[in-house]
Amino acid sequence: MSALPVLPPLREVIAAHGLNASKALGQNFLLDEQLLARIAAIPGMLEGQSVYEVGPGPGGLTRALLRAGANVVAVERDRRCLPALAGLAEAFPGRLRVIEGDAMAVDAREMAGEGAHIVANLPYNVGTALLVQWLSSGWRPWWASLTLMFQQEVAERIVAPVGSDHYGRLAILSQWRSSARIAMKVHRSAFTPPPKVMSAVVHITPEDAPAGVDFKVLERLTAAAFGQRRKMLRQSLKGVPGALEALARLDINPERRAETVSVPEFVAVARELSV
Ligand code: SAM
């Protein structure tokens, strides 16, 4: 393998391009290259693999991904970052494509291609919406894995086990046909500027979807159940046609509350209601 290009320290890149962090764009940059290399290692071997990154900013995570051998397609909304990223593209010829745009509006599959890994230190304001978009795609999904930085509280909602305070719709969406774990916790002081809260990197890999379950039905069911999470299922599922009968058939006590119903149990009820 050829020697890796020598790059200027990220602090110099930020200073040279005047990249003062914008709060509105959720800009909290990571500058510790060892930490960035550890994040880039979470998806596994990236040599020759395709990676889709949202919000490369000054390019810290991007350079770690390129050094790991990935071919990167990155979408950045802040055009001030583009000259810094152009420098990185020059250092890794043919390996980095940067698109100026809003990650909520672009077609990631089209740009990154089937089988890409998604890796991002997400802007907090669109992070959950993007995750929901990726988890709601046709299954098996076009992406190979998700390695995403979130505020720790959101990360805990994604991996929450049944019965815990954080367990809810996001846990079910993240776990019913994929496995989700917290791969790394990241202290707020690792970011420039430091956010108010701690962060964590979540790693999600797709699995086979349970047979006979309509995603929309599962969504409707969990929306109703967790819309009134303190109420008994008997009450919260009253408006979902057939749900109470399905509970009876499955021998699930209607006096239980949503937070005690496991992911496989929700899946089983949704299967009963899917036609
Ligand atoms: N990847 C860099 C890092 O780890 O240091 C920056 C991460 S920073 C938390 C989030 C980045 O997302 C910023 O560069 C910001 O400009 C960009 N961003 C914010 N909203 C975006 C959007 N809707 N689409 C694409 N990029 C966005």
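Refer to the structure printed above.
Residues numbered from 1 in each chain as written. Predicted model: local features only at pLDDT ≥ 70, side-chain atom pairs only at ≥ 80, totals over all residues. Heavy atoms only, no water.

1. Structural notes on helix α2 (residues 33-41)
- Residues L35, L36, I39 and A40 constitute the buried set of α2. Looking straight down α2, one finds its buried side chains confined to an arc of 140°; they lie on one side. Of the residues in α2, the exposed ones pointing more than 90 degrees away from the buried face are Q34 and R38.
- Considering only its buried residues, α2 is in contact with α1 (10-16), β1 (29-30), α3 (60-67), β6 (145-151), β7 (178-186) and β9 (199-206).
- One side-chain oxygen at the N-terminal end of α2 lies 2.9 Å from the backbone nitrogen of Q34; it belongs to D32. (Buried < 20%, exposed > 50% of the residue type's maximum accessible area, 1.4 Å probe, protein only. Helix = DSSP H or I, 4+ residues; strand = E, 2+ residues; numbered from the N terminus. Arc of directions from axis to C-beta. Contact = heavy atoms within 4.5 Å. Polar contact = N/O pair within 3.5 Å; in protein donor to acceptor, adjacent residues only side chain to side chain.)

2. A few points about the site of the ligand
- Neighbouring residues of the ligand: 20 residues in total, closest L30, G55, E76, D102 and N121.
- Within the backbone of G57, one N or O atom sits 3.4 Å away from an oxygen atom of the ligand.
- One of the side-chain N or O atoms of N121 is found 2.8 Å from an oxygen atom in the ligand.
- In the complex, the protein chains occlude 99% of the 600 Å² of accessible area that the ligand would expose alone.
- Across the shell around the ligand, the residue classes tally to eight nonpolar, seven polar and five charged. (Near = heavy atom within 4 Å. Areas by Shrake-Rupley, 256 points an atom, 1.4 Å probe, with all protein chains shown as cover. Nonpolar A, V, L, I, M, F, W, Y, C, P; charged D, E, K, R; others polar.)

3. Digging into the side chain of S262
- Secondary-structure assignment places S262 in the loop between α11 (243-249) and α12 (263-273).
- A residue is classified by how much of its surface remains accessible, and S262, at 19% relative accessible area, is buried.
- Beyond its immediate stretch of four places on either side in the chain, S262 contacts V162, Y167 and R256.

4. A word on the sheet that holds strand β3 (residues 71-76)
- With mixed pairing, the seven strands of this open sheet are ordered in space as β4-β3-β2-β5-β6-β9-β7. Each having just a single partner strand, β4 (96-100) and β7 make up the two edges of the open sheet. Averaged over neighbouring strand pairs, the angle between their axes works out to 20° when direction is ignored.
- Sheet strands in contact with helix α4 (residues 82-91) are β3 and β4, and its direction is about 165° off that of β4.
- Relative to β6, helix α6 (residues 127-135) is tilted by about 155°, and along the sheet it contacts β2 (50-54), β5 (117-121), β6, β7 and β9. (Pairing = 2+ DSSP bridges. Axes fitted to C-alpha atoms, helices over the stretch in contact; angles between N-to-C directions.)

5. Quick look at the pattern of salt bridges
- For the coordinates displayed, the defined rule picks out 13 salt bridges.
- Between E259 and R229 there is a salt bridge, with its nearest N and O atoms 3.3 Å apart. In this pair, E259 sits in the loop between α11 and α12 while R229 sits in the loop between α9 (215-227) and α10 (233-236), placing the two residues 30 residues apart along the sequence.
- Note on E259: relative accessible area 11%, which makes it buried.
- What you see here is one network of salt bridges that share partners, running through R229, R230, R257 and E259. (Salt bridge = Lys/Arg side-chain N within 4 Å of Asp/Glu carboxyl O.)

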